[in-house]
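Descriptive analysis of the structure
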Amino acid sequence: MPGPDSKSIRVVVVDDHPAIRLGVRAMLACESDIRLVGEAAGDDELLDLMAALRGDDRPDVVLLDMHLGAGLFQGVDLIRSLISLADPPAVLVLSAFAAEQDIFAAIDAGASGFLGKETAAEGLVSAVRAAARGESVLGPVAVTRLLRRMRNAAPSLSRREVEVLQLLADGLSNRQISSQLFISEATAKSHLTNIYAKLGVESRGAAVAAAIREGLLRVG
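Summarised in this report is the structure supplied together with it. These figures come from a predicted structure and were not determined experimentally.

Quick look at the overall build of the protein now. Within the protein, the regular secondary structure consists of ten helices and six strands. Looking at the 220 residues of the protein, the share that counts as buried comes to 46%. The contacts in the protein between residues at least 6 apart in sequence include a share of 67% that link residues at least 24 apart.

As structure tokens, then:
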């Protein structure tokens, strides 16, 4: 990964909300050592942009919203795609959600850090500089989630179980969950049984409440 030498740190911002991109752009605009070289509203647009940016415009850091709208890749897959490039940037996740599953998935995929979108300008700028130096960066909420898992041994759900639980929280029935995930209804019920056992609950409502309490689900 190219680091910040005598040149400015080159940054790409990826978010499907124009207001968020505008806000990040404003935060970075006053920093003489940081240069915004591109913006993208989605994953397919980002990959086209990465292919077009060459030489002195090749980004050092990509600020990425993990939960983009319709596109080619899920957030985790997009991180892996960026990290697999011949000259990969550091990927710094900016997310409105801080579910434990998201944080661990992003870091496991190769992200250099995870920040909430509420991060103030000073914190964001500091994080960009740290990521460009090859350092890992975690926002306060992410650190809290990690420490809580270490201290309390929070239940660990598989990626599929989290998907099932998220759909459960959205009010879908077993049949609707199976249809949404292209699995059988029996498989959906099996996932729910495992989820109940891991969370120590006996009902759908209790499972959702426990998952939110443990930071396993995105809310809001």
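Here we take up the side chain of R58. With respect to the helices and strands, R58 occurs in the loop between α2 (43–52) and β3 (61–64). Although R58 is buried, it makes no salt bridge; D87 carries the closest opposite charge, 4.5 Å away. A polar atom in the side chain of R58 sits 3.2 Å from the backbone oxygen of L53. Each residue touching R58, except ones within four places of it in the same chain, is listed here: R10, M50, L53, L85 and D87.

What follows concerns the environment of V128. One can find V128 in helix α5 (residues 121–132). For V128 and L92, which are 36 residues apart along the polypeptide, the C-alpha to C-alpha distance reads 7.6 Å. Non-local contacts of V128, meaning those with residues more than four positions away in its chain, are made with I9, V11, L28, I34, V61, L63 and L92.

Turning our eyes to something else, we now look at the pairing of β3. On β3, burial covers both faces: V61 and L63 on one face and V62 and L64 on the other are all buried. As paired strands, β3 and strand β4 (residues 90–95) are joined by four bridges and run parallel to one another. Looking at the pairing, V62 lines up with V91 of β4.

This part takes up a nonpolar patch on the surface. Residues I107, L138 and V143 make up a contiguous nonpolar surface patch of roughly 200 Å² in combined accessible area. With respect to the helices and strands, L138 occurs in strand β6 (residues 137–138). Using a relative accessible area of 34% as the deciding quantity, one classes L138 as partly exposed.

Turning to the pairing of strand β5 (residues 113–116), a few remarks are in order. Of the two faces of β5, the one holding G113 and L115 and the one holding F114 and G116 are both buried throughout. The pairing of β4 with β5 spans four bridges and is classified as parallel. Within the sheet, the bridge partner assigned to S95 lies in β5 and is G116. Across two bridges, β5 lies against β6 in parallel orientation. Across the sheet, residue F114 finds its bridge partner in β6, namely L138. Once you follow β5 into α5 and on to β6, the crossover reads as left-handed.

Below, the discussion takes up the pattern of salt bridges. Side-chain pairing between opposite charges can occur once the charged atoms of the two side chains come close. Counted under the stated rule, the structure contains 13 salt bridges. The partner of R160 in a salt bridge is E163, and the shortest N-O contact between them spans 2.9 Å. A residue pair is termed a helical-turn pair when its members lie 3 or 4 positions apart in one helix, as R160 and E163 do in helix α7 (residues 159–169) at three residues. Each of D15, D65 and K117 takes part in salt bridges that share partners, so that together they form one network.

Now for the packing of helix α3 (residues 75–83) against helix α4 (residues 100–109). Put simply, α3 and α4 touch, their axes get as near as 8 Å, and they point 20° apart. With respect to their mutual orientation, α3 and α4 come out roughly parallel. The handedness of the crossing between α3 and α4 comes out as right-handed. For the pair formed by α3 and α4, the contact residues are V76, I79, R80 and I83 on the first element and A105, A106, D108 and A109 on the second.

Reading the values: the criteria
- Residues numbered from 1 in each chain as written.
- Predicted model: local features only at pLDDT ≥ 70, side-chain atom pairs only at ≥ 80, totals over all residues.
- Heavy atoms only, no water.
- Helix = DSSP H or I, 4+ residues; strand = E, 2+ residues; numbered from the N terminus.
- Buried < 20%, exposed > 50% of the residue type's maximum accessible area, 1.4 Å probe, protein only.
- Contact = heavy atoms within 4.5 Å.
- Lys, Arg positive; Asp, Glu negative; His and termini not counted.
- Salt bridge = Lys/Arg side-chain N within 4 Å of Asp/Glu carboxyl O.
- Polar contact = N/O pair within 3.5 Å; in protein donor to acceptor, adjacent residues only side chain to side chain.
- Pairing = 2+ DSSP bridges.
- Patch = residues over 30% accessible without salt bridge, like charges linked within 9 Å, V, L, I, M, F, W, Y side chains within 5 Å.
- Areas by Shrake-Rupley, 256 points an atom, 1.4 Å probe, with all protein chains shown as cover.
- Right-handed = clockwise from strand over helix to strand, strands pointing away.
- Axes fitted to C-alpha atoms, helices over the stretch in contact; angles between N-to-C directions.
- Parallel < 35°, antiparallel > 145°, perpendicular 65-115°, else oblique.
- Left-handed = near helix turned anticlockwise from the far one by under 90°.

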